[in-house]
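# Working through the structure, step by step
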Amino acid sequence: MDDIAKIISEAKKKTPCKVYLKGNIKAKDLQGKPFQYFEGKDFFLLIGDWEEINKWISKNKKSITDSNIYLEARYSALPLKDLSLVNARVEPGAIIREGAEIGKDCIIMMGAVINIGASIGDRTMVDMNVVVGAKAEIGKDCHIGAGAVIAGVLEPPSAKCVSIGDSVLIGANAVILEGVTIYKCAIVAAGSIVLKDVPPDMVVAGVPAKIIKKASEVKGDKKAILMELRKI
C-alpha cells in the first residue's frame, strides 16, 4: 500500500454537515461539544461531523421544534483543500481534495475535479469538467481541455502515474490512461485516447492516439495560451 492509499485507509471517515435547529435551546447546552455552533436570532447553526451532532440531537429531542439537516458528504476520508492556501483562480463548483498541489496563477474552472496527490504546475488551465486522477502530474503553462480525463493510479497500486510536461495542450474530452507520459510541447487532439507515451513537440490524434505531425507545424494562434487570463 502506498502513502496516499494508507492516508485514505487510516483516516477517520467523517460526514461533514450543517444543521439548523429551532426550539428551546440554550447556548450553554452546546458549549464544549465536538462541533461548532452559531447562534442566530431564533435558531442555532451546528457545523461538524454528523455522528457527533446526531448524538447531541438524540439527547435533546424534546427541546427541538424544527430542524434542517444538510450532509455535505458521507463517510468521507479526506476534506476538500483549503482554498485560502491556493494562489490561483478557482471557479465555483471546482472540487480539489486536500493533498493536491495547485501552482501559482493556475486556472481551475467550474466542475473540474482534482484528486489527492495530483499536482498542477504554474499557469496551467484545467478547464470545465476535467478529471485529474490521484497522483497525476501536470506541468507548467498547459491547457487541459474541457471534459478531459487524466487517469489516476490509486488502484492498482503498482500502476505508474500519468506525467504531462510543460506547455502541453490536451484537447476537449481526451483521455490519458495511467502510465502515459506526454512530453514537453506536445498536443493531444480532442477526443483522443492516449495509450502510450507522446514524444516532445508532437501532435497525436485518434483512438488509439497516433502521431500525425509535429506541434511546431501547428499555427501559433491554434496553440497559444493567454497569460492575461492567468492574472489574479
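Summary of the structure given here. (Residues numbered from 1 in each chain as written. Predicted model: local features only at pLDDT ≥ 70, side-chain atom pairs only at ≥ 80, totals over all residues. Heavy atoms only, no water.)

## Quick notes on the sheet that holds strand β5 (residues 89–90)
Counted only if it meets this: We call two strands paired when DSSP finds no fewer than two bridges between them. The numbering of helices and of strands both runs from the N terminus, where a helix is a DSSP run of H or I of at least 4 residues and a strand a run of E of at least 2.
One open sheet accounts for eight strands, arranged β5-β8-β11-β14-β17-β20-β22-β23; its pairing is mixed. Each end of this open sheet is capped by a strand with a single partner; those strands are β5 and β23 (210–214). Sheet topology places strand β22 (residues 202–205) next to β23; four bridges connect them, and they run antiparallel. When the sheet's bridge partners are listed, Val204 is paired in β23 with Ile211.

## Looking at the state of the cysteines
The following threshold applies: Disulfides are defined as pairs of cysteine sulfur atoms found within 2.5 Å of each other.
If you walk through the whole model with that rule in mind, you get zero disulfides. Unpaired in this structure, Cys106 has its nearest cysteine sulfur neighbour in Cys142, at a distance of 9.4 Å. For the unlinked cysteine Cys161, the closest cysteine sulfur is that of Cys142, found at 14 Å.

## Looking at the pairing of strand β3 (residues 44–49)
One ladder, built from six bridges, connects strand β1 (residues 16–23) with β3; its direction is antiparallel. If you follow Val19 over to β3, its bridge partner there is Leu46. Alignment of strand β2 (residues 36–39) against β3, held across four bridges, turns out to be antiparallel. For Phe38, the partnering residue across the bridge sits in β3 and is Leu45.

## Re helix α2 (residues 50–59)
Condition: Only protein chains enter the accessibility calculation, which uses a 1.4 Å probe. A residue is then buried if its area is under 20% of the maximum for its type, exposed if over 50%, and partly exposed in between. Here, the arc refers to the directions that run from the helix axis to the C-beta atoms. By the convention used here, residues are in contact when the closest approach between their heavy atoms is within 4.5 Å.
Among the residues making up α2, those that are buried are Trp50, Ile53, Trp56 and Ile57. Projected down its long axis, α2 shows its buried positions confined to an angular sector of 130°, all on one face. At its buried positions, α2 is contacted by β1, β3 and β4 (64–71).

## Thoughts on the packing of aromatic side chains
Counted only if it meets this: Side-chain rings of Phe, Tyr and Trp, where Trp is taken by its six-membered ring, are said to pair if the distance between their centres is within 6.5 Å; with planes under 30 degrees apart they count as stacked, over 60 as edge-to-face, and otherwise as tilted. Sitting over a ring, as applied to charges here, requires NZ of Lys or CZ of Arg to be within 6 Å of the ring centre and within 35 degrees of the ring normal.
If you walk through the whole model with that rule in mind, you get two aromatic pairs. Aromatic side chains Tyr20 and Phe43 sit 5.9 Å apart centroid to centroid with 45° between the ring planes, which places their arrangement in the tilted category. Highlighted residues: Tyr20 in strand β1 and Phe43 in the loop between β2 and β3, separated in sequence by 23 residues. Measuring from ring centre to ring centre gives 6.3 Å for Tyr37 and Phe44, while their planes differ by 50°; the resulting arrangement is tilted. Overall, the relative accessible area of 26% leaves Tyr37 in the partly exposed class. Against the face of Tyr75 rests Arg74, its NZ or CZ located 4.3 Å from the ring centre.

## Focus: the nonpolar core
Defined as follows: In these notes, a set of buried Ala, Val, Leu, Ile, Met, Phe, Trp, Tyr and Cys residues joined through side-chain atoms within 4.5 Å is what counts as a nonpolar core.
If you look at the biggest cluster of nonpolar residues, it comprises 36 residues, and the most contacted ones within it are Val132, Ile170 and Ile182. Excluding residues that lie within four positions of it along the chain, Ile182 makes contacts with Ser163, Ile164, Gly165, Val168, Ile170, Ile176, Val188 and Val198. By size, the runner-up hydrophobic cluster in this structure holds 13 residues, among which are Cys17, Trp50, Trp56 and Ile57.

## Quick look at the sheet that holds strand β6 (residues 95–96)
Strand order in the open sheet made by the six strands is β6-β9-β12-β15-β18-β21, with parallel pairing throughout. With partners counted over all chains shown, the strands left at the sheet margins are β6 and β21 (193–194), one partner each. Alignment of strand β18 (residues 175–176) against β21, held across two bridges, turns out to be parallel. Each residue of the ladder has a partner; that of Ile176, found in β21, is Val194.

## Quick look at the environment of Gly23
Among the structural elements, Gly23 can be located in strand β1. The sequence separation of Gly23 and Leu80 amounts to 57 residues, and the corresponding C-alpha distance is 32 Å. For Gly23, the contacting residues outside a window of four places in its chain are Ser63, Ile64 and Thr65.

## Examining the environment of Ile64
Here Ile64 is to be found in strand β4. Looking at Ile64, the relative accessible area reads 18%, which means it is buried. Taking the C-alpha atoms as reference, Ile64 lies 4.5 Å from Gly23; in sequence the two are 41 residues apart. Other than its neighbours up to four places away in sequence, Ile64 contacts Leu21, Lys22, Gly23, Ile25, Trp56 and Ile57.

Functional significance is not addressed by these values, which are geometric in nature.
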